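# Structural overview
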Amino acid sequence: MKSNFYTSLILAGLLFSSSGAFSQGKFAISATVAPFYGHSKTVAEVILPDSYSSGTLTTQIWKSELSSKGYWVGLNGRYSFAEKWSASTGLWFSYAKMKQSGTSSRSHNFSIPVFVNFQPSERKFSPYFSAGALWNFGTTSRVNIPDIGTVTFKSDRNTSRISPTVGAGVIYHFAKHLSLIAQPTFSYAIPPSAINTKAYQLGLNVQLMLKL
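The sections below set out a description of the structure shown in this document. Being a predicted model, the structure only gives us computed values, none of them experimental. (Residues numbered from 1 in each chain as written. Predicted model: local features only at pLDDT ≥ 70, side-chain atom pairs only at ≥ 80, totals over all residues. Heavy atoms only, no water.)

## Observations regarding the overall build of the protein
If you tally the helices and strands in the protein, you get 1 helix and 9 strands. Moving toward the C terminus, one meets the helices and strands of the protein in the order α-β-β-β-β-β-β-β-β-β. Of the contacts made within the protein by residues no fewer than 6 positions apart, 60% connect residues no fewer than 24 positions apart. Looking at the protein as shown, the accessible area adds up to about 12800 Å², and 62% of this sits on carbon and sulfur atoms. (Helix = DSSP H or I, 4+ residues; strand = E, 2+ residues; numbered from the N terminus. Contact = heavy atoms within 4.5 Å. Areas by Shrake-Rupley, 256 points an atom, 1.4 Å probe, with all protein chains shown as cover.)

## Observations concerning a nonpolar patch on the surface
The grouping of Tyr37, Ile162, Val166, Phe186, Tyr188, Ile190 and Leu202 at the surface amounts to a nonpolar patch, some 580 Å² of accessible area in total. At the level of elements, strand 7 (161–173) and strand 8 (178–189) are the ones that each hand at least two residues to the nonpolar patch. (Patch = residues over 30% accessible without salt bridge, like charges linked within 9 Å, V, L, I, M, F, W, Y side chains within 5 Å. Salt bridge = Lys/Arg side-chain N within 4 Å of Asp/Glu carboxyl O.)

## Some points on the side chain of Gln119
Checked against the element boundaries, Gln119 lands in the loop between strand 4 (103–118) and strand 5 (125–145). Here Gln119 falls in the buried class, since its relative accessible area comes to 7%. A distance of 2.9 Å separates a polar atom in the side chain of Gln119 from the backbone oxygen of Ser121. (Buried < 20%, exposed > 50% of the residue type's maximum accessible area, 1.4 Å probe, protein only. Polar contact = N/O pair within 3.5 Å; in protein donor to acceptor, adjacent residues only side chain to side chain.)

## Focus: the pattern of salt bridges
Overall, the coordinates contain 1 salt bridge when judged by the stated rule. Put simply, Glu122 and Lys211 hold a salt bridge, and the shortest N to O gap is 3.9 Å. With a gap of 89 residues between them, Glu122 in the loop between strand 4 and strand 5 and Lys211 in strand 9 (residues 196–211) connect regions that are remote in the sequence. Here Glu122 falls in the exposed class, since its relative accessible area comes to 52%.

## A few points about the environment of Tyr172
With respect to the element layout, Tyr172 can be found in strand 7. Judged by its relative accessible area of 33%, Tyr172 falls in the partly exposed class. With 49 residues separating them in the primary sequence, Tyr172 and Arg123 have C-alpha atoms 8.5 Å apart. If near-sequence neighbours (up to four positions away) are discounted, Tyr172 is found in contact with Lys124, Phe125, Leu178, Ser179 and Leu180.

## Focus: the packing of aromatic side chains
Enumeration over the complete set of coordinates arrives at 11 aromatic pairs. Each ring, one from Trp72 and one from Trp92, has its centre 5.8 Å from the other, and the planes form 55°; the classification is tilted. Of this pair, Trp72 sits in strand 2 (residues 57–80) while Trp92 sits in strand 3 (residues 85–100); the two residues are 20 residues apart in sequence, bridging distant segments of the chain. On the accessibility criterion, Trp92 (5% relative accessible area) is buried. On the numbers, 6.1 Å between centres and 25° between planes, the contact of Phe186 with Tyr200 is stacked. Of this pair, Phe186 sits in strand 8 while Tyr200 sits in strand 9, placing them 14 residues apart in sequence. (Phe/Tyr/Trp six-rings, centres within 6.5 Å; stacked < 30°, edge-to-face > 60°.)

## With respect to the nonpolar core
Among the nonpolar cores identified, the biggest contains 7 residues, and these are Ala34, Phe36, Trp72, Trp92, Ala96, Phe115 and Leu134. Of all the elements in the fold, those that place two or more residues in this core are strand 1 (27–49) and strand 3. Sequence-distant contacts of Trp72, that is, excluding residues within four places in its chain, are made with Thr32, Val33, Ala34, Phe36, Trp92, Phe93, Ser94, Asn109, Ser111, Leu134, Asn136 and Gln201. By size, the runner-up hydrophobic cluster in this structure holds 5 residues, among which are Ala28, Tyr128, Ile171 and Met209. (Core = buried A, V, L, I, M, F, W, Y, C linked by side-chain atoms within 4.5 Å.)

In short, shape yes, function no, at least from these values alone.
Here's what the structure looks like:
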């Protein structure tokens, strides 16, 4: 996990720092703001002491369904490798809040986005499509439980979560080197093994992009 993380950061750093190595107009940087709505549903088997029989264990089905609201912010680098195609990566930070049955929680994590983008035309206003994945890591959650207080949970350093993501929107070139991208997006989180969880996010990815 650590080696993959450092490798990804090095690749992202090279992409950001070596714009002079690319031909004019092929490299761009952008800032991202992306509010989102998330929903997750988990079903798990839990082994608990049987309240009717001392010393006996019983298996119960535990279900949880949560909704969250939050946002992503981050920086990206984009390289156009063909007339209509480009690849982008960067580093994003997310913050989310959830509330259910008197229990509230908030969480944050970092993610490395990797996308392939398709732009049909170079006109001032054009459709813009993206497909790829978010590599999420380092999640920290704080849960406020009534009569107990705030409990902090941190994800294991050896676990990561991949979220395949697609987006379809528009790009607007409002200046010679400045563009605005707006894309509704859909992400589905691939859960860790042995956990029956279905989780997705609906978002609006807005980017201010500067061509170099």
